[in-house]
Amino acid sequence: MFDEIVLASGNGGKLKEFGRWFGSRGIRVLPQAEFNVPECPEPHATFIENAIAKARHAAKHSGRPALADDSGICADALGGAPGIHSARFAGSAPKSDAANNAKMSAELAHQADKRCYYVCVLVLVRHENDPQPIIAEGIWRGQWQAEAAGSNGFGYDPHFYLPEQGCTAAELSPEVKNQISHRGLALAELKKKIDLLYPQA
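Only a predicted model underlies this, so the values are computations on that prediction, with no experimental measurement involved.

Peer 1: Requested: an account of the UniProt feature "binding site: Mg(2+)" (unreviewed entry) in the protein chain, with residues and values cited.
Peer 2: According to UniProt, the positions carrying the feature "binding site: Mg(2+)" (unreviewed entry) are Asp-70. Turning to its location among the elements, Asp-70 is positioned in strand β3 (residues 66–75). Among residues more than four places away in sequence, those in contact with Asp-70 are Glu-42, Thr-46, Phe-47, Asn-50, Ala-51, Lys-54, Ile-84, Val-119, Cys-120 and Val-121. At a separation of 3.0 Å, a polar atom in the side chain of Asp-70 contacts the side chain of Lys-54.

Peer 1: Any details on the UniProt feature "active site" (unreviewed entry) in the protein chain? Residues and values, ideally.
Peer 2: According to UniProt, the feature "active site" (unreviewed entry) maps to Asp-70 in the numbering used here. Overall, the relative accessible area of 6% leaves Asp-70 in the buried class.

Peer 1: How would you summarise the packing of aromatic side chains if you had to cite specific residues and measurements?
Peer 2: A full pass over the atoms with the stated rule returns six aromatic pairs. Between Phe-2 and Tyr-198 the ring centres are 6.0 Å apart and the planes differ by 70°, which places this aromatic pair in the edge-to-face class. You can see Phe-2 sitting in the segment before β1 (4–7) and its partner Tyr-198 sitting in the segment after α5 (182–197), a full 196 residues away along the chain. The same class applies to Phe-2 as to Tyr-198, namely buried. Three or more aromatic residues joined by ring pairs form one cluster here, namely Tyr-118, Trp-140 and Phe-160. Over the face of the ring belonging to Phe-89 we find Lys-103, whose NZ or CZ atom lies 4.5 Å from the ring centre.

Peer 1: So, the nonpolar core: which residues are in play, and what are the values?
Peer 2: Grouped together as the largest cluster of nonpolar side chains are 19 residues, with contacts concentrated most on Ile-5, Phe-22, Leu-67, Leu-122, Leu-124, Leu-190 and Ile-194. For this core, the secondary structure elements donating two or more residues are β1, α1 (12–23), β4 (115–125), β5 (134–144) and α5. It is α5 that provides the largest number of residues to this core, a total of four residues.

Peer 1: Describe the pattern of salt bridges, naming the residues involved and giving the relevant values.
Peer 2: Summed over all chains, the structure comprises 13 salt bridges. By sharing partners, the salt bridges in this structure join Asp-76, Asp-113, Arg-115 and Arg-141 into a single network.

Peer 1: Describe the sheet that holds strand β2 (residues 28–31), and please don't skip the residues or the numbers.
Peer 2: Pairing within the open sheet is mixed, and its seven strands lie in the order β2-β1-β3-β4-β5-β6-β7. The strands lining the two open edges of the sheet, one partner per strand, are β2 and β7 (167–168). Packing of α1 onto the sheet brings it into contact with β1, β2, β3 and β4, and relative to β2 it is tilted by some 160°.

Peer 1: Tell me about the pairing of β4, and please be specific about residues and values.
Peer 2: In terms of burial, β4 is a largely internal element, 10 of the 11 residues being buried. As paired elements, β3 and β4 share 10 bridges and run antiparallel to each other. If you follow Ala-75 over to β4, its bridge partner there is Cys-116. Pairing geometry for β4 and β5, over 10 bridges, is antiparallel. Paired with Cys-116 across the bridge in β5 is Gly-142.

Peer 1: Pulling in residues and values, what's your account of the pairing of β5?
Peer 2: Here β5 runs beside strand β6 (residues 160–162); their pairing, made up of two bridges, is antiparallel. Residue pairing across strands places Gln-143 opposite Tyr-161, the latter belonging to β6.

Peer 1: Got a sec to walk through the side chain of His-182? Specific residues and values, please.
Peer 2: Secondary-structure assignment places His-182 in helix α5. On the basis of relative accessible area, His-182 is assigned to the buried category, the value being 7%. For His-182, the residues in contact, after removing those within four places along its chain, are Ser-71, Tyr-118, Val-119, Cys-120, Gly-138 and Trp-140.

The rules we used
- Residues numbered from 1 in each chain as written.
- Predicted model: local features only at pLDDT ≥ 70, side-chain atom pairs only at ≥ 80, totals over all residues.
- Heavy atoms only, no water.
- UniProt positions renumbered as here; feature names shortened; annotations may be inferred.
- Helix = DSSP H or I, 4+ residues; strand = E, 2+ residues; numbered from the N terminus.
- Contact = heavy atoms within 4.5 Å.
- Polar contact = N/O pair within 3.5 Å; in protein donor to acceptor, adjacent residues only side chain to side chain.
- Buried < 20%, exposed > 50% of the residue type's maximum accessible area, 1.4 Å probe, protein only.
- Phe/Tyr/Trp six-rings, centres within 6.5 Å; stacked < 30°, edge-to-face > 60°.
- Lys NZ or Arg CZ within 6 Å of the ring centre and 35° of its normal.
- Core = buried A, V, L, I, M, F, W, Y, C linked by side-chain atoms within 4.5 Å.
- Salt bridge = Lys/Arg side-chain N within 4 Å of Asp/Glu carboxyl O.
- Pairing = 2+ DSSP bridges.
- Axes fitted to C-alpha atoms, helices over the stretch in contact; angles between N-to-C directions.

Listed below in structure tokens is the structure:
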């Protein structure tokens, strides 16, 4: 087993979340900025391919094991869009949550089917050319709500309504969200796979 990994992201929240679990196993999680890892192209059509590309890219430039994630929201009535284009659904630059949400609401306004789901794919590679990346996926289903509600989330969260919770993702406490979200589910699966490959003594 390794004693440190590089997170292929500059997101401080993700660094803290992943660092908590890996830290309990004596593994340090380091931001890719510490190794001056350049931005990775994401030319692929799937979350899995993009996550693998980002993980291999970070491993190549850091010389260490790397963890990457790729995530987004998919609407059933839109054939899975915006999908991998979630971050820039309303345009390439600058990124805007408000613009993305407005476009999603407009696209779904005349659709009877408001079902949508978040996807998160996590990929851990032990080195750049790892022939067996550890891959985990989490899917979180909900419904699109035109009216925004809640301030705890980001991105599409204020419009992502959860019938079983009776609120949007942005109205959940961080503790609850981390347990039931797409990223939380993917992390739980990743933990299981790592424990199978590297049982704790």
